Amino acid sequence: MTIEDPITVVLEQEEDFAFRIHFEGLDVPDVLSDEASPLGHDGGPNPARLLLAGIANCLSASLLFALRKHKNTPGKLRASITAIPVRNAEGRWRIPTVQATLHLPGANADYQHLERVLDTFEDFCLVTQSVREGIDVQVTVKDDAGHVLRGDKSFEAGA
C-alpha cells in the first residue's frame, strides 16, 4: 500500500450510536466508537476523540520522522491534545480550536538540527494540514437497492 492508494474505512452500526470501525487493507482489530451519554453508552471513543487522536498521532509521527531524518534517536515521544467543543451561531456543536502538546524526551542539546526539525515537521503532517486547510466532504446516501437518495447521482444512471 502506498500513500497514493485510496484510504477506506468502513463503519457498521452495532447498536444505538455505537459503530464498529473496520480499516480496509489492514490486518488489525476493528475499533468500536460510541457517542457519550445520553446519546450513546460511552462504549468507545466518540468521533471527536478519534479526530483529536488522528491529529496528535500524525503530529507525533511527523516529529519522529523529522528527528530521525536528521540522525536523532529520541526516546519515546508523548503527546496530549485538548479541545473544548462550543456551539456555533446556529447552536451546533463544533471544535473551533485544538491545543496539541508534544513532549520530547531529554533536552535541546540532545538533538541535532532541532530548530530546523521544529520549523518543518508540521508541514509534513497529512492529517493536521488537511484539517487546517479544510476538507471538502462529499456525502452520498443510498438505500438497500443502491439508489442514491442524496448526493451525486451520476453513478446510479450508469453515467
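As a reminder, the structure under discussion sits directly above these lines.
Residues numbered from 1 in each chain as written. Predicted model: local features only at pLDDT ≥ 70, side-chain atom pairs only at ≥ 80, totals over all residues. Heavy atoms only, no water.

**What about the nonpolar core?**
One finds Leu 59, Leu 63, Leu 67, Ile 81, Val 117 and Phe 121 to be the most contacted residues of the largest nonpolar core, which totals 14 residues. Counting only elements with at least two residues in this core, the list comes to helix H1 (47-69) and helix H2 (114-120). In terms of residues, this core owes the most to one element, H1, which gives eight residues. (Core = buried A, V, L, I, M, F, W, Y, C linked by side-chain atoms within 4.5 Å. Buried < 20%, exposed > 50% of the residue type's maximum accessible area, 1.4 Å probe, protein only. Helix = DSSP H or I, 4+ residues; strand = E, 2+ residues; numbered from the N terminus.)

**Let's talk about the packing of H1 against helix H3 (residues 126-133)**
At a minimum axis distance of 7 Å, the contact between H1 and H3 shows a crossing angle of 125°. Regarding the angle of H1 to H3, the classification is oblique. On the side of H1, the interface is formed by Leu 51, Gly 54, Ile 55, Cys 58 and Leu 59, while H3 contributes Leu 126, Val 127, Thr 128 and Val 131. A class-by-class count of the residues in the contact of H1 with H3 yields seven nonpolar, two polar and no charged. (Axes fitted to C-alpha atoms, helices over the stretch in contact; angles between N-to-C directions. Parallel < 35°, antiparallel > 145°, perpendicular 65-115°, else oblique. Contact = heavy atoms within 4.5 Å. Nonpolar A, V, L, I, M, F, W, Y, C, P; charged D, E, K, R; others polar.)

**Here we look at the layout of surface pockets**
Its boundaries defined by the atoms lining it, the largest pocket holds a volume of some 1,200 Å³. Among the secondary structure elements, those contributing two or more residues to the lining of the largest pocket are strand S1 (9-15), strand S2 (18-23), strand S3 (31-33), H1 and H3. Residue contributions to the lining of the largest pocket peak at 10 residues, all from H1. Of the residues assigned to the lining of the largest pocket, the class counts are 22 nonpolar, seven polar and four charged. (1 Å grid on protein atoms, 1.4 Å probe; cavity = no way out; pocket = protein on both sides within 12 Å on 5 of 7 lines; lining within 4 Å. Points joined across faces, edges and corners; volume = space filled by probe spheres on them.)

Honestly, that's just the spatial picture; any functional story needs more than this.
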